[in-house]
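Observations on chain architecture
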Amino acid sequence: LKATRPHTRRVTLRTGGATYDWWTAVEITRDLGDIAGGFTLEVLDLARLRRALPAAAAAGAAPEAIREGARCTVAIDGETVIDGHVDDVKVSVSSRDLQMAVAGRDRTGDLVDCAATVDGPVEFRGLKLDEIARRICAPFGIEVRAETDLGEPFPVFSLDAAERAMEAVERGCRQRGVLALSDGVGALVLTRGGARRGPAPLALPGNVAEAVIVRSWRERYSEYVVKGQTKPARTGGPAYDATAAPLAPDPGAPSRPAQVQERATVVMTGRARDAEITRHRPIVRLSKSQS
């Protein structure tokens, strides 16, 4: 949502017990690529205005100045669409005017910025995706809601050192073909695309004011190769000593060399082709978790 109509009170920012509803520009965004919903408001901050230009400020009580890091909510026509925190407060002063812009994100912004774990746990066993996400999100006070089938539990799901919380959740989502979305008001939703239709069709001319269409091969490839690994699916395979050298083969195991047998049990490769891409454009993706 973007608007530049001044002095409209349909959009309100509430923080520190005060409500701000005088603004000169507002932008509220929800983007699959950013996970967390965000907002940018250019507001009339009477507290700072009176300190900077006391002769030009209107009379009457003024609310406290908006502070970075403060908890806040943004509402449209009284309906809360963002429940989060103020990230940035930018004040611009010139000989002609005084402007202030406030930007922030909903509560899932902390998942994007912060580590999944500091002191552990670093590994989960036998848990489904939603339970893993709940344990990662719990310290941030964020609820997790599943709106689709999440498949089988993960035998082992490990957190990488310094991995951010949303990176870990998204890694699990890719393994199960699931989308992780913010509902804007304090919950992370695990879902799939196409589950529900939009409330109205898009039409031009009609309810579409402007459209841009881009056709590109930039993110398309002729061949997609995914390489992953897993723990041996059966016992009886070769064992390794502390130097990673193979021990004596199991008498009951096939007579193939130990290295060949071990590779066959732990390495997996998948391939797919895009027939429309006619020139040589291959790409390889690595799975970081047990596949």
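Above this text is the structure in question.
Described below are features of the structure shown in this document. (Residues numbered from 1 in each chain as written. Predicted model: local features only at pLDDT ≥ 70, side-chain atom pairs only at ≥ 80, totals over all residues. Heavy atoms only, no water.)

1. Let's talk about the nonpolar core
Nonpolar side chains in soluble globular proteins generally cluster together in the buried interior. Worth spelling out the cut-off: In plain words, nonpolar cores are sets of buried Ala, Val, Leu, Ile, Met, Phe, Trp, Tyr and Cys residues tied together by side-chain atoms within 4.5 Å. Note on exposure labels: buried denotes an accessible area under 20% of the residue type's maximum, exposed denotes more than 50%, and partly exposed covers the range between, all computed with a 1.4 Å probe on protein chains only. The numbering of helices and of strands both runs from the N terminus, where a helix is a DSSP run of H or I of at least 4 residues and a strand a run of E of at least 2.
In this structure, Ile136, Val169, Leu188 and Leu190 are the most contacted members of the largest nonpolar core, which totals 25 residues. Of all the secondary structure elements, the ones that give two or more residues to this core are strand 9 (123-127), helix 3 (129-137), strand 11 (154-158), helix 4 (165-176) and strand 13 (187-191). Val26, Phe39, Val43 and Val102 belong to the second-largest nonpolar core, a separate cluster that totals 17 residues.

2. Overview of the packing of aromatic side chains
Note the threshold: The aromatic pairing rule takes the rings of Phe, Tyr and Trp, using the six-membered ring of Trp, and pairs them if the centres are within 6.5 Å, calling planes under 30 degrees apart stacked, those over 60 edge-to-face and the rest tilted. Whether a charge sits over a ring depends on NZ of Lys or CZ of Arg being within 6 Å of the ring centre and within 35 degrees of the ring normal.
If you walk through the whole model with that rule in mind, you get two aromatic pairs. Between Phe154 and Phe157, the ring centres sit 5.2 Å apart and the planes meet at 65 degrees, which makes this aromatic pair edge-to-face. With relative accessibility at 2%, the residue Phe154 sits in the buried group. Judged by its relative accessible area of 1%, Phe157 falls in the buried class. Ring centres 5.8 Å apart and planes at 90 degrees place the aromatic pair Tyr221 and Tyr224 in the edge-to-face group. The ring of Phe154 is capped by Arg176, whose NZ or CZ atom sits 4.0 Å from the centre of that ring.

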